[in-house]
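Structural characterization, general
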Number of protein chains: 2
Amino acid sequence: MDRIPILRMGNFLLVTIQIDLYDRLATNLESDLVQMVNKTEAKGVLIDISALSIVDSFMGRILGNIGNMARIMDAETVVVGMQPAVAITLVELGLELKGVHTALNVVKGMELLRNKINDLDTGENDEESAEEIATNEDSTE
Amino acid sequence: MDRIPILRMGNFLLVTIQIDLYDRLATNLESDLVQMVNKTEAKGVLIDISALSIVDSFMGRILGNIGNMARIMDAETVVVGMQPAVAITLVELGLELKGVHTALNVVKGMELLRNKINDLDTGENDEESAEEIATNEDSTE
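Residues numbered from 1 in each chain as written. Chains lettered and ligands numbered in written order. Predicted model: local features only at pLDDT ≥ 70, side-chain atom pairs only at ≥ 80, totals over all residues. Heavy atoms only, no water.

Chain A goes by Anti-anti-sigma factor in an unreviewed UniProt entry, where it is assigned to Niastella koreensis.

This part is about the relation of the copies chain B and chain A. The transform that puts chain B on chain A rotates by 180 degrees and translates by 0.0 Å along the axis, for an RMSD of 0.0 Å. Each copy turns onto its partner about a two-fold axis. Comparing interface residues between copies, 100% of those in chain B also lie at the interface in chain A; the contact surface is shared. (Least-squares fit on C-alpha atoms with pLDDT ≥ 70 in both. Contact = heavy atoms within 4.5 Å.)

What follows is about the sheet that holds strand E2 (residues 12-16) of chain A. Hydrogen bonds along the backbone pair up the strands of a sheet, which may run parallel or antiparallel. Residue and element names in this part refer to chain A. Taken in spatial order, the 5 strands make up an open sheet running E1-E2-E3-E4-E5, and their pairing is mixed. Edge positions in the sheet fall to strand E1 (6-9) and strand E5 (101-103), since each of these pairs with one other strand and no more. This sheet shows a mean twist of 25 degrees between the axes of neighbouring strands, independent of strand direction. When strand E3 (residues 44-48) meets strand E4 (residues 76-80), the two strands line up parallel, connected through 5 bridges. (Pairing = 2+ DSSP bridges. Helix = DSSP H or I, 4+ residues; strand = E, 2+ residues; numbered from the N terminus. Axes fitted to C-alpha atoms, helices over the stretch in contact; angles between N-to-C directions.)

Residue and element names in this part refer to chain A. Looking at where Arg3 falls in the secondary structure, it is placed in the segment before E1. Under the relative-accessibility criterion, Arg3 is labelled partly exposed at 45%. Discounting chain neighbours no more than four positions away, the residues touching Arg3 are Leu25, Asn28 and Asp32. At a separation of 2.8 Å, a polar atom in the side chain of Arg3 contacts the side chain of Asp32. (Buried < 20%, exposed > 50% of the residue type's maximum accessible area, 1.4 Å probe, protein only. Polar contact = N/O pair within 3.5 Å; in protein donor to acceptor, adjacent residues only side chain to side chain.)

Residue and element names in this part refer to chain A. Tallied over the full model, the rule gives 6 salt bridges over all chains. A salt bridge links Lys43 to Asp74; its shortest N-O distance comes to 2.7 Å. Taken together, the residues span a long stretch of sequence, with Lys43 in the loop between helix H1 (23-40) and E3 and Asp74 in the loop between helix H2 (57-72) and E4 at a distance of 31 residues. Using a relative accessible area of 27% as the deciding quantity, one classes Lys43 as partly exposed. Between Arg71 and Glu76 there is a salt bridge, and its shortest N-O distance comes to 3.6 Å. What makes Arg71 partly exposed here is its relative accessible area of 37%. (Salt bridge = Lys/Arg side-chain N within 4 Å of Asp/Glu carboxyl O.)

The next thing to look at is unusual backbone geometry. Residue and element names in this part refer to chain B. Notably, Glu41 is not glycine yet its phi reads approximately 55 degrees, a positive angle. You can see Glu41 is positioned in the loop between helix H1 (23-40) and strand E3 (44-48). Even without a glycine there, the phi angle at Asp74 is positive, about 70 degrees. When its relative accessible area of 46% is taken as the criterion, Asp74 is described as partly exposed.

All right, on to H1 of chain A then. Residues and elements named next belong to chain A. For H1, built from 18 residues, the straight-helix expectation of 26 Å at 1.5 Å per residue is met to within 8% by its first-to-last C-alpha distance of 26 Å. Turning to H1, its buried residues are Leu25, Ala26, Asn28, Leu29, Glu30, Asp32, Leu33, Met36, Val37 and Thr40. As for H1, its buried residues are in contact with E1, E2, E3 and H2. Where H1 ends, the next residue or the one after it, Glu41, has phi of about 55 degrees, a positive value. (Expected span 1.5 Å × (residues − 1).)

A few words on the sheet that holds strand E2 (residues 12-16) of chain B. Residue and element names in this part refer to chain B. Strand order in the open sheet formed by 5 strands is E1-E2-E3-E4-E5, and the pairing between neighbours is mixed. Lying at the two open borders of the sheet, with one neighbouring strand each, are strand E1 (6-9) and strand E5 (101-103). Direction aside, neighbouring strands of the sheet carry axes that sit 25 degrees apart on average. Of the pairings in the sheet, the one linking strand E4 (residues 76-80) to E5 comprises 3 bridges and is parallel in character. Its bridge partner lying in E5, Val79 is registered against Thr102. Contacting E1, E2 and E3, H1 crosses the sheet at an angle of about 160 degrees to E2. Each of E3, E4 and E5 touches helix H2 (residues 57-72); the most contacted strand, E4, lies at about 150 degrees to it.

Looking down a regular strand, the side chains alternate between one sheet face and the other. Residues and elements named next belong to chain A. Pairing geometry for E1 and E2, over 4 bridges, is antiparallel. Paired with Arg8 across the bridge in E2 is Leu13. In sequence, E1 turns back onto E2 through a hairpin of 2 residues, with Gly10 there showing a positive phi of about 65 degrees.

This brings us to the interface of chain B and chain A. Contact with chain B, which involves 17 residues of that partner, is made by 17 residues of chain A. For the pair chain B and chain A, the summed buried area comes to about 1,400 Å², and 71% of that belongs to carbon and sulfur atoms. Looking only at chain B, the three residues that lose the most surface to chain A are Pro5, Leu7 and Gln18 of chain B, adding up to 38% of its buried area. Linking chain B to chain A there are 0 salt bridges. Here chain B and chain A share 3 residue pairs in polar contact (both at pLDDT 80 or more) between them. Of all the secondary structure elements, the ones that give two or more residues to the side of chain B that touches chain A are E1, E2 and helix H4 (106-140) of chain B. Its residues assigned to classes, the side of chain B that touches chain A comprises 11 nonpolar, 4 polar and 2 charged. (Buried area = accessible area lost by both parts, 1.4 Å probe. Nonpolar A, V, L, I, M, F, W, Y, C, P; charged D, E, K, R; others polar.)

Structural data, given as structure tokens:
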């Protein structure tokens, strides 16, 4: 198998990694995912790793790369379904999953993504609200 | 790998088959899926086979089994993402995917499932409507 399928679910993309990534598979996944974000204008990427019993430094770097690439394309990345043993090993090895968020499962991951997107949307409005407050303060003085 | 991860998405379950199923993997998938339908009370199962470049009679039977098992548990099964070449081969080989519905992709599969569930819901009300119509006819006579 040369490619991991990327599923579109509304505003989000879902990738289920079921086998250990080797170089070519990882490179293909990165490029497919960036193209898919571009094509579908997805705002979030969910990566399910519940089938993986090990996450090594290579896999950690690939996940980080994906997260950074997606962010440049204005999409957030959430890694979901990590097995407890994987989390323990990650910390013991001192590996950090930089550039990605994590959530317990797909449903919680989608909630997290929705909140992030809403935060970004309201974040843009925050300046307006701040201005309004400033105006109110002026008027009361 | 002994197990294919089953993801819960609201009312539905999603399975992405990325590698050829062998006996044990198939049996595990069947039992995992039935247990998951039972546990989550899912109303639909989506099986994505976009990564498969071949669907043989074994795979066809497994998909049919899953569809029949899920139906007994009151859930519909939709196979999504079939590659065009796979569809051609299926027909040429004379294989039918009995017991499952098909849809082009996950989004359309979810729509199909939602419609099926709604139909079932309204189907129960149809008798009442039919009775109402009968009553109306009686009154107009």
